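If you want the building blocks of each chain, they are given just below.
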There are 2 protein chains.
Amino acid sequence: MTTTGTPVDNGVNVEFLLGARGMLADAPEAANFKWRATCEWQNGTHSRSTVEGFFGLGEEQKHRTSRTFDADHPEVFASEDNGVTPVEYVLVALASCLTAGVAAVAQNRDIQLHSVAATIEGGMDVRGILGMDSDVRNGYSDIKVTYKIDADASPDDIKALVAQSQKRSAVYDIITNPTNVSVEVA
Amino acid sequence: MTTTGTPVDNGVNVEFLLGARGMLADAPEAANFKWRATCEWQNGTHSRSTVEGFFGLGEEQKHRTSRTFDADHPEVFASEDNGVTPVEYVLVALASCLTAGVAAVAQNRDIQLHSVAATIEGGMDVRGILGMDSDVRNGYSDIKVTYKIDADASPDDIKALVAQSQKRSAVYDIITNPTNVSVEVA
C-alpha cells in the first residue's frame with residue numbers, strides 16, 4: 001500500500017452522508033422513507049413492475065426516470081421467460097446493496113477501489129414452491145456471495161470493507177432477518 | 001359468477017406444473033436449483049448486475065437472453081440515480097412473485113383473471129443504514145402489498161387466491177423468514 005498525493009475517489013460523496021447524519025439527528029422524521037413499486041400482471045407468470053416515486057426527507061421524491069422490470073418463469077417451467085424470475089431479483093438486490101456499501105465504506109476509509117465484482121448464488125429446492133413437501137421451504141435454503149476486489153489495500157483491509165458493508169446493508173438485513181409483510185385485496 | 005363454454009385461460013400451464021410434481025417425486029435431486037447473478041461495480045453507488053444462467057433439473061440452464069440491471073442511490077443521497085435502489089429491487093421481487101402466484105393459483109382453480117395490479121410500499125428509517133442508531137434496523141420496518149383484481153370470481157374467492165399465492169411464494173418466504181447468507185472475499 002503506497003500513499004500518493006492523489007486523493008481517493010470512488011465516486012461516493014461521504015461528506016454528504018456524514019452531513020446527513022447531523023441533519024437527521026435534528027429532524028428524525030425526515031429519515032422515514034417509503035419505497036414503492038407497482039406491478040401489473042401481463043399473462044401467465046409474466047408481470048411488469050414500475051419504479052418511479054418514493055417518499056423521503058419529508059416529501060414526495062422521484063427518480064430521474066421511471067423504470068420497468070419484467071419478471072417471468074423460465075421455459076423449463078413451461079413459461080415464456082419474458083424476464084428474470086422474482087428470486088433472481090432478490091439476488092440483484094442483495095449483490096447491488098453490498099456492492100454500493102463496499103464503495104461507500106472504502107471511500108470513508110480512504111481506500112481506492114479499482115474493481116469490485118461479485119458472484120451470487122442461491123440454492124432452492126423447488127419442491128417447496130410446488131407444494132410437494134411441507135418440510136421444504138419456498139425460499140432459498142442459502143445464499144452465497146463471493147467478492148473479487150482489486151483495491152489499494154491489504155487482503156485483511158479488503159475483508160474488513162466487505163464485513164462493514166454487510167453490517168450496514170439494508171437488503172442483507174431484509175433477507176437474513178424476518179420482515180413483516182402484509183398482503184391485502186383492495 | 002357465470003359458467004360459460006370458454007375454458008379458463010390465464011396463460012399458465014398448470015398441467016405441466018402438476019406433471020413436474022410427479023417427475024420430481026421420482027427424482028428429487030432434479031428439484032435442486034441454483035439461481036445466480038453477477039454484479040460489477042461501476043462508480044460510486046452504481047452497479048450493474050447480470051442474470052443469465054442457472055442450474056436446475058440436473059443441468060445448466062440459460063434464460064432466453066442475458067439481462068442486466070443497474071442499481072444506484074437517488075440524487076437525494078448525493079448519488080447519480082443511474083438505477084433503482086437495491087431495496088426497490090426487493091419490492092419488484094416480492095410483487096412479481098405474488099402476482100405470478102395469483103395467475104397460477106387462479107388457473108388451477110378455474111378462475112378467469114381479467115386484470116391484476118399490485119401496489120407495494122416498504123417503510124424504512126434510513127437512520128439504520130446511516131449507522132446513527134443501533135436500535136433502528138437497516139432493512140424495511142414493514143412492507144405492505146395491496147392487490148386490485150378483476151376476475152370471474154367472488155370477492156372471497158379472490159381473497160383466497162391471494163392468500164394461497166402468499167402461502168407458496170418464494171420471495172414472501174425469503175423476506176418474512178430468516179435466510180442464511182454468507183459473504184466471502186475470494
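Refer to the preceding data block for the structure.
A brief report on the enclosed structure follows.

**Overview of the packing of helix α2 (residues 86-108) of chain A against helix α2 (residues 86-108) of chain B**
- Packing of α2 of chain A against α2 of chain B leaves a shortest axis separation of 8 Å and a crossing angle of 170°. Classified by the angle their axes make, α2 of chain A and α2 of chain B are roughly antiparallel. Note on element contacts: α2 of chain B touches α2 of chain A through P86, Y89, V90, V92, A93, S96 and C97 of chain B, opposite P86, Y89, V90, V92, A93, S96 and C97 of chain A.
- Residues of the contact of α2 of chain A with α2 of chain B, tallied by class, amount to 12 nonpolar, two polar and no charged.

**Regarding the sheet that holds strand β3 (residues 59-71) of chain B**
- Strand order in the open sheet formed by six strands is β3(B)-β2(B)-β1(B)-β4(A)-β5(A)-β6(B), with mixed pairing between adjacent strands. Two strands bound the open sheet, and with one partner strand each, they are β3 and β6 (180-185) of chain B. Going across the sheet, the axis of each strand differs from the next one's by a mean of 15°, ignoring polarity.
- In this sheet, strand β5 (residues 142-151) of chain A lies alongside strand β4 (residues 113-125) of chain A in antiparallel orientation, the contact comprising 10 bridges. The residue bridging E121 of chain A from the neighbouring strand is K144 of chain A, located in β5 of chain A.

**Observations regarding the relation of the copies chain B and chain A**
- The transformation that overlays chain B on chain A combines an axial shift of 0.0 Å with a rotation of 180°, and the residual RMSD is 0.0 Å. Such values leave the two copies arranged in the relation of a two-fold axis.
- A symmetric contact is evident, with 100% of the interface residues of chain B recurring at the interface of chain A.

**A short note on the side chain of H63 of chain A**
- Residue position: H63 of chain A is located in strand β3 (residues 59-71).
- A distance of 2.8 Å separates a polar atom in the side chain of H63 of chain A from a polar atom in the side chain of D81 of chain B.
- With residues near it in sequence (within four places) discarded, H63 of chain A still touches V51, E52 and F54 of chain A together with P74, D81, G83, V84, T85 and E88 of chain B.

**Re the interface of chain B and chain A**
- The interface is formed by 119 residues belonging to chain B together with 119 residues belonging to chain A.
- Summing both sides of the interface, chain B and chain A together bury roughly 10900 Å²; the carbon and sulfur share of this comes to 63%.
- Notably, a salt bridge pairs E75 of chain B with R64 of chain A, separated by 3.8 Å at the nearest N-O pair.
- Applying the counting rule to chain B against chain A returns 62 residue pairs in polar contact (both at pLDDT 80 or more).
- A total of 16 residues in the side of chain B that touches chain A trace back to one element, the largest contributor, which is α2 of chain B.
- Of the residues in the side of chain B that touches chain A, the class split is 62 nonpolar, 36 polar and 21 charged.
- Sheet topology places β5 of chain A next to β6 of chain B; six bridges connect them, and they run parallel.

**Describing the sheet that holds strand β4 (residues 113-125) of chain B**
- If you trace the six strands from one edge of the open sheet to the other, you get β3(A)-β2(A)-β1(A)-β4(B)-β5(B)-β6(A), paired in mixed fashion. Across the chains shown, the open sheet's two edge strands, defined by having one partner strand only, are β3 and β6 (180-185) of chain A. The sheet shows a mean angle of 15° between the axes of neighbouring strands, direction not considered.
- Set on the sheet, helix α3 (residues 155-168) of chain B makes contact with β6 of chain A together with β4 and β5 (142-151) of chain B; between it and β6 of chain A the angle comes to about 155°.

**Some thoughts on the nonpolar core**
- Among the nonpolar cores identified, the biggest contains 115 residues, and L94, L113 and V145 of chain A together with L94, L113 and V145 of chain B are the most heavily contacted of them.
- With near-sequence residues (within four places) excluded, L113 of chain B lies in contact with W41 of chain A together with N10, V102, A103, A106, I149, D150, A151 and L161 of chain B.

**Digging into the packing of α2 of chain A against helix α3 (residues 155-168) of chain A**
All names here are of chain A.
- Put simply, α2 and α3 touch, their axes get as near as 8 Å, and they point 120° apart. What the angle tells us is that α2 and α3 run oblique. Note that α2 runs across α3; the crossing there is right-handed. Touching C97, L98, G101, V102, V105 and A106 of α2 are L161, V162, Q164, S165 and Q166, all from α3.
- Within the contact of α2 with α3, the residues separate by chemical class into seven nonpolar, four polar and no charged.

Rules used in this analysis
Residues numbered from 1 in each chain as written. Chains lettered and ligands numbered in written order. Predicted model: local features only at pLDDT ≥ 70, side-chain atom pairs only at ≥ 80, totals over all residues. Heavy atoms only, no water. Axes fitted to C-alpha atoms, helices over the stretch in contact; angles between N-to-C directions. Helix = DSSP H or I, 4+ residues; strand = E, 2+ residues; numbered from the N terminus. Parallel < 35°, antiparallel > 145°, perpendicular 65-115°, else oblique. Contact = heavy atoms within 4.5 Å. Nonpolar A, V, L, I, M, F, W, Y, C, P; charged D, E, K, R; others polar. Pairing = 2+ DSSP bridges. Least-squares fit on C-alpha atoms with pLDDT ≥ 70 in both. Polar contact = N/O pair within 3.5 Å; in protein donor to acceptor, adjacent residues only side chain to side chain. Buried area = accessible area lost by both parts, 1.4 Å probe. Salt bridge = Lys/Arg side-chain N within 4 Å of Asp/Glu carboxyl O. Core = buried A, V, L, I, M, F, W, Y, C linked by side-chain atoms within 4.5 Å. Buried < 20%, exposed > 50% of the residue type's maximum accessible area, 1.4 Å probe, protein only. Left-handed = near helix turned anticlockwise from the far one by under 90°.

These results come straight from atomic positions and should not be treated as a statement about function.
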